[in-house]
Amino acid sequence: MSLLKIEEPAAPARHPAWAAQHPLWALGFRPFYLLAAALAALAIPLWLAQYLGWLHGWPQVGLAWHMHEMVFGMAVAVIVGFLFTAGRNWTGLWTPRGTHLALLALLWVLGRVAMLAAPVWLAAAVDILFLPLSAWAMFRVLHQSGNKRNMPLVGLLGVLALANGLFHAALLGWVSISPVAPVHGAILVIVIIESVIGGRVIPMFTNNGAPGAGAAIHPRVDKVALALTVAASLGLVAGVQGWPMLALAGCAGVASFWRLAGWKPHRTLRNPLLWILHLGYAWVGVGFLLLGLAAVGIGTASTAFHALAVGSMAGLIIGMMTRTTLGHTGRMMVAKRAEPAMYGLIQAGALLRVLAGFAPAAWRNEALVLSGVCWTLSFVIFLVVYGPYLLRARIDGKEG
């Protein structure tokens, strides 16, 4: 009996990249994963060059730009690409594709250019449009299909849009808050999204990829962990400090670890496509524990938010980007050499970034640079290896 072997398509795409029929515009994950990875690979070196004083004459590249672009640029692109792709599976209806998808991607790119080169008011006017339009596109598909279960995710996109609006309002001086506050709020919203989706898919992926693992979903544990995560997030947004915040954030962190233990992470050590998801989710617990400690003067909130943003957010992003791309381009769900390298680099970058927050001042810059190098190399590898997958049609001949 001969084995079926799936090869790459013999002929290149017949349409130019700007044509609506090109494979790039077949489903949401394709352009947004590609664009998000490119931004991630470029923005961190640019920010570090500015932070270390190597970059002159580009005042837009400040702390506010760095925070905004990592959350409302890179992370939001991945979230939208993932939801458009998952929405197709959830409903059986097409989420934006073709010209509609290309226009949304163009709007995202214009937002990135405006944040770097346009006046503050114009950058706000361009950048603020992407999330509401993406949320509306997702709402229409879920509403048309009667899919109420996933409608709260549209609401969370709306909360992210509100946070982005507050960020721009703060920069323009329309509201008397620091622009850092909406970014921190957005990170917490993304952590909640991770908790909701991760609770659904990580145990399922674990049992499918590691037969006999016995990863279990415990609804009560999930509800407690999610409720504590939301409560701690609301406490942080409200400015709760001291021992009350330590107790709240500490309980959220412990509950996240309790939830993760039921998913049997130790059974995934031989499968990089699985352990990256477990390790990424573990950083949620670490991040909340660090936030609790920061509330009583041990460490800083910045270090804790980087644990959530680099360890959890980026860890789960790189894990889901690779997994989604393999599955939705018709490839085998198997990690080769590139995947462990990407995952290991992101985790090393997260660890170095957290250690930089506790390191002596003399070592801080070196730790930050090494962290940035690890981050950048991870996304460069993704672009080199996965870029061609995203630009080509599915190898199994299916749509998407």
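Residues numbered from 1 in each chain as written. Predicted model: local features only at pLDDT ≥ 70, side-chain atom pairs only at ≥ 80, totals over all residues. Heavy atoms only, no water.

As recorded by an unreviewed UniProt entry, the chain carries the name NnrS family protein and is attributed to Massilia glaciei.

Visitor: Provide a residue-level description of the packing of helix α8 (residues 219-238) against helix α9 (residues 242-261), including the pertinent values.
Guide: For the pair α8 and α9, interaxial distance at closest approach is 8 Å and the crossing angle is 150 degrees. Relative to α9, α8 is oriented roughly antiparallel. In this structure, α8 meets α9 at a crossing whose hand is left-handed. Contact residues: Val-221, Asp-222, Ala-225, Leu-228, Thr-229, Ala-231, Ala-232, Gly-235 and Leu-236 in α8; Met-245, Leu-248, Ala-249, Cys-251, Ala-252, Ala-255, Ser-256, Trp-258 and Arg-259 in α9. (Axes fitted to C-alpha atoms, helices over the stretch in contact; angles between N-to-C directions. Helix = DSSP H or I, 4+ residues; strand = E, 2+ residues; numbered from the N terminus. Parallel < 35°, antiparallel > 145°, perpendicular 65-115°, else oblique. Left-handed = near helix turned anticlockwise from the far one by under 90°. Contact = heavy atoms within 4.5 Å.)

Visitor: I'd like to hear about the packing of aromatic side chains, residue by residue, with values.
Guide: Note on aromatic pairs: each is described by the distance of the centres and the angle between the planes. Per the counting criterion, the structure on display carries nine aromatic pairs. Ring centres of Phe-29 and Tyr-33 lie 5.9 Å apart, and the angle between their planes is 65 degrees; this geometry places the pair in the edge-to-face category. With a gap of four residues between them, Phe-29 and Tyr-33 both fall in helix α1 (residues 29-51), about one helical turn apart. Residue classification places Phe-29 among the buried positions, given a relative accessible area of 0%. Relative accessible area serves as the criterion here: at 0%, Tyr-33 is assigned to the buried category. Geometrically, the ring pair formed by Phe-382 and Tyr-386 is stacked, given 5.1 Å between the ring centres and 5 degrees between the ring planes. Separated by four residues within a single helix, Phe-382 and Tyr-386 lie in helix α13 (residues 361-391), roughly one turn from each other. Taken individually, Phe-382 and Tyr-386 each receive the classification buried, so the pair is uniform in this respect. Put simply, the rings of Phe-382, Tyr-386 and Tyr-389 pair up and form one aromatic cluster. Above the plane of the ring of Trp-94 lies Arg-97, whose end atom (NZ or CZ) is 3.9 Å from the centre. Between Arg-323 and the ring centre of Phe-205, over which it is positioned, the NZ or CZ distance is 3.9 Å. (Phe/Tyr/Trp six-rings, centres within 6.5 Å; stacked < 30°, edge-to-face > 60°. Buried < 20%, exposed > 50% of the residue type's maximum accessible area, 1.4 Å probe, protein only. Lys NZ or Arg CZ within 6 Å of the ring centre and 35° of its normal.)

Visitor: Please give an account of the pattern of salt bridges that cites residues and values.
Guide: Oppositely charged side chains may form a pair once their charged atoms are brought near each other. Under the criterion given, the structure shown has five salt bridges. Residue Glu-69 pairs with Arg-112 through a salt bridge whose shortest N-O separation is 2.5 Å. Here Glu-69 is found in helix α2 (residues 63-91), whereas its partner Arg-112 is found in helix α3 (residues 98-117), with 43 residues between them in sequence. The same class applies to Glu-69 and to Arg-112, which are both buried. (Salt bridge = Lys/Arg side-chain N within 4 Å of Asp/Glu carboxyl O.)

Visitor: Could you give me a rundown of the environment of Asp-222, with the residues and numbers involved?
Guide: Following the sequence through the fold, Asp-222 ends up in helix α8. In this structure Asp-222 comes out as buried when scored by relative accessible area, which is 13%. Separated by 62 residues in the primary sequence, Asp-222 and Leu-160 have C-alpha atoms spaced 23 Å apart. Not counting chain neighbours up to four residues away, the residues in contact with Asp-222 comprise Ile-217 and Arg-259.

Visitor: Give a description of helix α7 (residues 180-209) that names residues and reports values.
Guide: Each full turn of the α-helix corresponds to 3.6 residues, which orients residues three or four apart in the same direction. Along α7, the sharpest change in direction is near 45 degrees and occurs at Gly-198. For α7, the tally of buried residues reaches 22 of 30 residues, placing the bulk of the element in the interior. (Bend = angle between axes of the 7 residues up to and from the residue.)

Visitor: Run through the packing of α9 against helix α10 (residues 272-295), naming residues and quoting values.
Guide: Viewed as axis vectors pointing N to C, α9 and α10 meet at an angle of 165 degrees, and their least axial separation amounts to 7 Å. One way to sum up the angle between α9 and α10 is to call them roughly antiparallel. The hand of the α9/α10 crossing is left-handed. Seen from α9, the contacting residues are Gly-242, Met-245, Leu-246, Ala-249, Gly-250, Ala-252, Gly-253, Ser-256, Phe-257, Arg-259 and Leu-260; seen from α10, they are His-278, Tyr-281, Ala-282, Val-284, Gly-285, Val-286, Phe-288, Leu-289, Leu-291, Gly-292, Leu-293 and Ala-295. Broken down by class, the residue content of the contact of α9 with α10 amounts to 15 nonpolar, seven polar and one charged. (Nonpolar A, V, L, I, M, F, W, Y, C, P; charged D, E, K, R; others polar.)

Visitor: Pulling in residues and values, what's your account of the domain arrangement of the chain?
Guide: Segmenting the chain into domains produces domain 1 (22-177) and domain 2 (201-395). Taking the mean C-alpha position of each, domain 1 and domain 2 sit 20 Å from one another. Counting from both sides, the interface comprises 25 residues of domain 1 and, opposite them, 27 residues of domain 2. Summing both sides of the interface, domain 1 and domain 2 together bury roughly 2,100 Å²; the carbon and sulfur share of this comes to 78%. A per-residue breakdown of the area domain 1 buries against domain 2 is headed by Arg-30, Tyr-33 and Leu-34, which together make up 24% of the total. The interface formed by domain 1 and domain 2 holds zero salt bridges in total. One can count five residue pairs in polar contact (both at pLDDT 80 or more) joining domain 1 with domain 2. Mapped by element, the contributors of at least two residues to the side of domain 1 that touches domain 2 are α1 and α2. Broken down by element, the residue count for the side of domain 1 that touches domain 2 peaks at 12 residues, all from α1. A per-class count over the side of domain 1 that touches domain 2 returns 20 nonpolar, four polar and one charged. (Domains from an automatic or database assignment. Buried area = accessible area lost by both parts, 1.4 Å probe. Polar contact = N/O pair within 3.5 Å; in protein donor to acceptor, adjacent residues only side chain to side chain.)

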